[in-house]
Every structure is written in structure tokens, then in C-alpha cells.
Amino acid sequence: MSYVGESAIRIDAVAKVKGEALYPGDFNLLGQTYMKILFANRPHAIVHSIDTRLAESIPGVIAILTAKDVPVNEYGLIMPDQPVLCGPGSNKPYADRVRFIGDQVAVVIAETEEIAAKARDAIVVDYEDLPVVTNVHEAIRPDAFKIHPDRDSNVFGHYRIRKGNIEEGFRRADVIIEGDYSTPVQEHAYLQPEAGLGYIDEQGRVTVVVAGQWTHEDQHQIAHSLNLPVEQIRVIYPAIGGAFGGREDMSVQIVLALAAWKLHQLGINRPVKIIWSREESFIGHHKRHPYFIHTRWGATKEGKVVAAEVELIGDGGAYAYTSTKVLGNATLMCTGPYEIPNVKVDSYAVYTTTIPNGAFRGFGGPQGAFAAESQMNKLAEALNMDPVDFRLKNLLQEGSLLSVGTPLPKGVTIREVVEACAESAGWRFTNGKWSKAVPPQNFERYQHLKRGIGFACSFKNVGFSFGAPEQCMAKIELYGQAEIERAVLYHSGAEVGQGAHTAFVQMAAEALDVPLERIHLVASDTAYTENSGSASASRMTFMAGNAIRGAAQLALEKWAAEERPAVGLFQYRPPRTTPYDPETGKSEPNFAYGYVAEAAEVEVDIETGEVRLVNLICADDVGKAVNPQQVQGQIEGAVVQAAGYALMENFVQKDGEVLTRGLSTYLIPTVLDIPEQVKSIILEYPDPIGPFGARGMGEMPYLPLVPAVTAAIHDAVGIWFDDFPLTSERVCNELKRLKLSA
């Protein structure tokens with residue numbers, strides 16, 4: 001029986017529907033204490049002193065921790081540039097500074113949450129305010145105030161791509177389109193705010209039960225900050241209420257471990273619990289990067305793009321987080337899935353005194369795709385060509401050279417994806433070219449409603465890029481006598497809502513030829529599972545599947561040799577990737593990709609400016625749909641999240657302060673805001689090295705939605721929008737400015 005390709009019921013479905021699944025905030029242990037964190041609540045300052053005397057005198061306060069209590073007061077996923085706690089007494093230079101309002105200054109541990117909050121508010125901090133730097137264009141200037149004084153500049157990442165001869169390319173162009181694009185901050189807004197429990201387990205390990213995306217990376221960062229051996233740290237992920245990249249960096253992990261460890265040193269062996277409020281979550285964890293993109297593209301009258309010049313500036317916020325890696329992706333994606341002979345790209349990651357920006361679904365791809373696809377749509381209009389037909393003249397294909405001068409891995413299917421989406425959306429191939437057969441119908445009886453349709457496409461890396469170490473481990477144990485009666489799969493991959501654990505079990509069942517009900521999964525506990533890498537970069541199905549297949553093969557070989565139990569431990573390593581050459585950008589950036597195209601139909605109310613996403617067609621090549629229902633859910637979820645990004649999610653920061661501190665002012669899509677129809681076209685062209693042919697696909701549907709929507713709005717009312725979110729107010733003001741409103 002085949003288990004891969006079937007819409008098996010999620011293994012966690014019943015527990016979650018019945019409310020039996022435990023999330024980090026649901027865990028309670030006997031004798032637990034409660035933690036509150038004092039946030040800086042100012043964007044940039046030196047902390048001269050922290051007076052905890054009044055707070056410590058409050059009955060029920062057990063301990064208050066500050067920077068002096070952190071053994072190695074630094075952390076960071078890419079570079080350790082952030083203090084665990086900011087203030088004097090640290091062993092790290094400049095850790096006495098806060099650089100955004102969510103920097104953590106002190107930790108209070110008390111008998112109750114209420115006492116902890118009261119004590120937190122009684123702490124007196126002496127701040128010396130420093131210049132607030134929130135504009136990347138000012139931050140990038142040589143004379144700008146240095147947010148990190150130990151660095152020469154606020155620029156902490158720079159990539160270059162030089163392919164062909166950009167001047168010659170523009171000389172060949174008959175049409176040149178130049179544009180400035182900006183993309184906004186976006187909040188992850190996952191259902192479960194940051195929460196967790198820290199304690200010393202029965203083997204003396206500092207243990208944290210939290211939500212994250214990479215147990216072993218959390219483990220390593222905690223161990224580093226506490227100056228403890230890695231094996232002394234245990235990280236457990238229970239059920240997780242969403243992530244989308246927002247749990248890739250630290251939030252409560254290190255301070256929970258620090259608190260449990262410090263209490264233990266005082267002879268107090270009591271667990272410590274914390275649950276952030278939504279406001280604390282909003283100011284305390286990173287966001288999607290805003291990008292500022294200046295670009296110039298040229299094409300011939302025959303419809304060939306011959307030159308693309310791009311400058312990208314990514315606002316990293318106060319600390320690096322994953323900004324350099326996000327920048328790498330945006331640098332690659334900013335010229336789209338097109339073969340362009342002459343390319344010049346310069347990209348920069350810049351510190352500002354705002355909330356740090358980091359991983360978010362798409363990881364630089366949506367920002368790059370917005371500029372690239374907008375340029376393609378504008379060029380098509382200038383050349384009087386259909387936007388689909390124009391794309392098909394320029395798409396990458398097998399053997400095509402990327403902007404970085406190397407070919408794509410085998411299995412390039414962007415053409416098939418574009419054609420499938422276009423045909424479903426009403427395009428037809430006649431007389432040797434593609435064109436829209438039936439344009440959207442404007443309602444004659446409602447003169448204020450105008451409809452339009454737009455098209456965009458993209459591609460997305462699968463796995464870590466640009467030479468980042470990449471691997472995934474799985475272990476399988478087989479029990480029984482004549483036949484396999486039970487199989488135990490150990491895997492640390494995070495289940496952040498995407499259905500990964502169900503896919504793991506399906507792939508194990510397929511590889512072992514054992515029924516699903518005989519597979520038992522032990523997941524996301526560093527005490528039992530080996531390093532799998534993160535649930536990010538659309539990598540988990542691809543990487544875990546290959547690791548599971550390898551472990552299954554080893555276990556079956558031992559089973560055949562009559563070992564009982566038969567154990568297979570396997571580490572999968574994909575083909576190597578290479579970093580950007582510092583001068584030319586030449587590299588082999590990724591070992592696999594997924595391909596996506598979208599057509600969006602919108603309705604614009606020219607009286608109010610409201611934009612309604614009516615229909616969305618999304619075609620994705622997923623290689624092999626391990627669980628088709630989950631794939632469809634990923635497409636629909638990504639589309640809704642991207643629709644919020646495009647039309648309504650307006651995260652407002654002013655002078656380093658956050659004005660949208662909750663879901664009452666930061667609006668995300670509800671059931672009344674989502675597209676009336678989402679048509680998911682699931683294409684299955686097997687990836688040559690993917691498990692069972694599968695490609696990663698969780699991020700792909702997100703990338704092209706915004707430019708598809710802006711193209712549809714242009715089709716409806718003739719206006720190009722080069723920034724967003726396209727709130728009713730913004731659209732209405734532009735309609736009035738151009739005197740297009742009713």
C-alpha cells in the first residue's frame with residue numbers, strides 16, 4: 001500500500017480538536033514560580049543603573065536577575081550581537097545599551113504572576129537616551145550614529161552581483177523601466193504568544209519547554225549564554241501555535257533557562273513559568289524586514305529582458321538576527337525567475353533602532369518578487385505585450401544561468417507552472433502567443449466597482465543557502481519477531497502547524513512498508529532526537545524525508561540480518577552550496593527549488609478605496625504531494641497571510657516606538673477578508689533528489705501574491721502601486737489624487 005500521496009488524517013488532529021494537546025503555556029509543574037520581564041520600552045539608551053531594592057522587598061519575590069547574572073551575555077542566530085539582558089555589570093562590551101523597545105533589562109521570579117508584575121514595575125532604571133536612528137537611508141550614511149559602537153558602520157551585510165555588461169545591456173534595450181519600491185514590516189501574529197517552562201530535570205539538565213523552530217539551535221544558544229556544556233541543556237517542543245519564521249530567533253528560551261539554573265544554584269529547585277501578553281509578543285519578537293528597492297530594467301521590442309540593475313536596502317532593526325541570510329535570498333530573487341544576460345545588484349543590511357527584523361515566510365523572497373514582478377508587468381505594458389506571454393519569453397529553463405552565473409539544479413518547471421496557472425485563469429495560447437481570453441467583467445449596475453486581473457510568478461529555494469551547513473538526522477527502531485510490529489521514529493523537526501509530523505510518519509510508513517498505525521513518533525526533544533535543522537527555508541519535508549528514507553533502509557538491513565530491535569541512524573547531507581563571491585556574486589546558491597505562479601482577480605471600490613480579493617489561482621510544483629490535503633492547506637494559508645500583507649496589515653512604528661501594539665490596531669485577515677475562492681493547482685514534477693520526488697513548498701504560494709494583486713488593481717483602475725499595504729485609505733487617496741474616484 002502507498003502512504004505517500006494520500007491525505008492521511010493528521011496525527012495530532014484529534015488531540016488538538018479535543019483540546020488535549022498541550023502547548024507551552026499549558027504546562028504546569030508542582031511548586032512552579034512565575035516570571036516577568038522588564039522591557040526597555042525606549043528605543044536607544046545607555047543603562048547606567050538598575051535599582052531592584054524596592055522590587056526585592058515585595059513579599060513573594062524570589063529573585064531578580066540582571067545583566068551581571070548572565071555568564072556569557074550574548075546571543076544571536078547568525079552573529080552574537082544581542083545581550084541576553086541589557087545593563088551594567090556585563091562581561092560583554094556595550095551590553096549596557098538598549099537598542100529597541102523590546103530589549104530585555106531584568107527578569108523577576110516570584111510566587112505568582114501578579115507579584116512578578118508588581119515587582120517588575122517597581123524596578124528603577126537610570127537611562128541616558130541616545131540618538132534614535134530609524135531611517136535606513138540616514139543610518140547608512142558614513143557620519144550616522146553607530147548603533148553598535150564596536151562596528152565601523154551600521155551596514156552589517158553587503159552583497160554584489162555582476163553578470164555580463166550592464167551598460168551594454170541597457171544600450172540594447174528599446175524600453176527601460178525604472179522604479180522605487182518599498183515593502184512594509186509585518187507581524188507574524190501567530191495564535192500562541194511566547195510562553196514556556198524552565199526547570200531542572202531528573203538528570204540534572206537545565207530544561208526548557210518552549211515553542212521554537214530548531215530544538216538543537218535553541219540548545220546551543222542557551223548553552224553558550226549559560227557557559228554550560230551542550231549536553232547539560234535540554235529543549236522540548238510540545239504543540240506549537242504557529243511560527244512562520246517568528247520563532248526562529250530567541251524570545252524566552254535563554255531567560256527561562258537562566259532563571260531555572262540560577263534558582264538551582266540558590267538551592268531552590270522550582271520550575272519557572274512565563275507567558276507573554278500579546279503586547280509583549282508584539283514588541284518582543286522580530287518582524288518581516290521592510291525593504292527599499294531601486295531598480296531599472298531594460299527589454300527589447302521583441303520582448304527579451306536584457307538588463308536589470310537593482311539596489312536593495314534591508315532594515316535589520318537593532319540586531320542582526322537572520323538579516324544577512326534574508327538579504328541573500330532577496331538579492332537572488334530580485335531579478336525573478338528570468339534569464340537576464342546583464343545584471344548588477346547591490347544589497348545592504350542596515351542596523352536601526354527599531355524592532356529587529358528576521359525570518360518570516362518567504363525569507364526575502366516576497367520583497368524581491370514584489371520589485372521583480374512589478375517591473376515585468378510594467379515592461380509588458382510598455383511593450384504592449386500580454387504579461388504571461390512576455391514572461392514566457394524570459395523564463396529560466398533547464399541549463400539557464402541564474403544572475404549568479406550558475407545553472408539551476410535539474411528539474412526546472414517554472415514554464416509548466418506559469419502555463420498551468422495562466423490557462424486556469426482564462427489565458428489561451430492562440431496564433432503563437434498567450435493572451436487573456438475573457439477579461440474580468442466589470443459590473444455595469446455598480447459603476448463604483450471595478451474588476452481587474454493580475455499575474456505574477458516566482459521561485460523559492462528549498463533548504464539553507466549560500467554555503468550554510470545543511471544536514472538532517474533521523475533514527476528508526478524496529479520491534480517485533482517475524483514481522484515488524486512497531487516502528488519508532490525519532491526526529492527533532494518542529495511541528496509548527498504545517499503538518500510535518502504527519503508527513504514524517506507517512507514517509508516512514510512508505511519507506512518501511514508498514515501501516516501508519518504501527519509508526520510511533522518521538523519528536524522535538526533534544527534528550528532523544530538528533531539534530532534535524534530548522535523548520536524553515538521550505539526544507540523540512542525535503543530534508544526529513546531523505547533522512548527518514550536513509551534510516552529506514554539501514555534499519556531494514558539490520559532487520560533482515562535478524563537484529564532485534566533493528567536500529568537505523570542516518571544523516572542526510574544534500575549537495576553543497578556556495579556563498580556569493582564578494583566581487584561578482586558568482587555562487588551555487590541552492591540545491592533545489594520550488595516554482596509558483598498566481599493569478600489574482602480583485603474588485604476595487606472607487607468610492608471607498610476598498611480592494612477585495614475575489615479569486616486567487618495558485619499553481620505550485622511540489623514535486624510530490626506527500627499529503628495533498630496538507631499541501632492545499634499550505635497554499636490557502638499562505639495566500640491568506642500574503643493577502644493580509646498586501647491589503648491590510650499596517651505595523652506602525654514612529655521614532656522607535658510601536659503604535660500598533662495589539663490585534664485591535666494591527667489588523668489581520670478574518671473570514672470576511674479572505675479571497676472568495678482559492679483554486680490550488682498542485683503540480684507534481686518529481687525533484688531529482690527529493691524524497692519520493694517531493695520539493696519543499698510551504699513558502700512558495702506567498703511570494704508572488706502582492707505583485708499579482710497590484711497588477712490586478714492596475715488592470716481595474718489604471719494605477720500602479722509601488723508600496724503597500726493597500727489599505728482603503730491609501731487607495732482612496734490615490735484615486736482622489738488622480739481624480740478617478742466616483
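Residues numbered from 1 in each chain as written. Predicted model: local features only at pLDDT ≥ 70, side-chain atom pairs only at ≥ 80, totals over all residues. Heavy atoms only, no water.

Take the domain arrangement of the protein chain next. For the protein chain, the assigned domains read domain 1 (13-18 + 466-572), domain 2 (31-130) and domain 3 (287-465 + 582-737). Between the C-alpha centres of domain 2 and domain 3 there is a distance of 41 Å. Counting residues at the interface gives 17 residues for domain 2 and 18 residues for domain 3. The contact between domain 2 and domain 3 buries some 1300 Å² in all, and 62% of this surface belongs to carbon and sulfur atoms. There are 0 salt bridges connecting domain 2 and domain 3. There are 5 residue pairs in polar contact (both at pLDDT 80 or more) connecting domain 2 and domain 3. Each residue belonging to the side of domain 2 that touches domain 3 can be placed in one class, and the counts come to 9 nonpolar, 3 polar and 5 charged. (Domains from an automatic or database assignment. Contact = heavy atoms within 4.5 Å. Buried area = accessible area lost by both parts, 1.4 Å probe. Salt bridge = Lys/Arg side-chain N within 4 Å of Asp/Glu carboxyl O. Polar contact = N/O pair within 3.5 Å; in protein donor to acceptor, adjacent residues only side chain to side chain. Nonpolar A, V, L, I, M, F, W, Y, C, P; charged D, E, K, R; others polar.)

With that out of the way, let us pick up the sheet that holds strand E6 (residues 124-129). Read from one edge of the open sheet, 3 strands run E4-E2-E6, paired in antiparallel fashion. Here the strands that pair on one side only, and so sit at the sheet edges, are strand E4 (97-98) and E6. As defined by bridge partners, strand E2 (residues 45-51) adjoins E6 across 6 bridges and the pair is classed as antiparallel. Note on E6: the bridge partner recorded for isoleucine 50 is valine 125. (Pairing = 2+ DSSP bridges. Helix = DSSP H or I, 4+ residues; strand = E, 2+ residues; numbered from the N terminus.)

Take unusual backbone geometry next. For the bond running from arginine 564 to proline 565, omega is -5 degrees, close enough to zero to count as cis. As for its placement among the helices and strands, proline 565 is situated in the loop between helix H14 (540-560) and strand E24 (566-572). The omega torsion across phenylalanine 724 and proline 725 is 15 degrees, close enough to zero to call that bond cis. Tracing the chain through its elements places proline 725 in the loop between helix H16 (705-717) and helix H17 (728-737). Phi angles above zero are rare outside glycine, and tyrosine 321 is one such case at about 45 degrees. One can find tyrosine 321 in the loop between strand E15 (305-317) and helix H9 (323-333). With phi around 55 degrees, phenylalanine 466 is a residue other than glycine that occupies positive phi space. Considering the arrangement of structural elements, one finds phenylalanine 466 in the loop between strand E20 (449-461) and strand E21 (472-480). The class for phenylalanine 466 is buried, based on a relative accessible area of 9%. (Buried < 20%, exposed > 50% of the residue type's maximum accessible area, 1.4 Å probe, protein only.)

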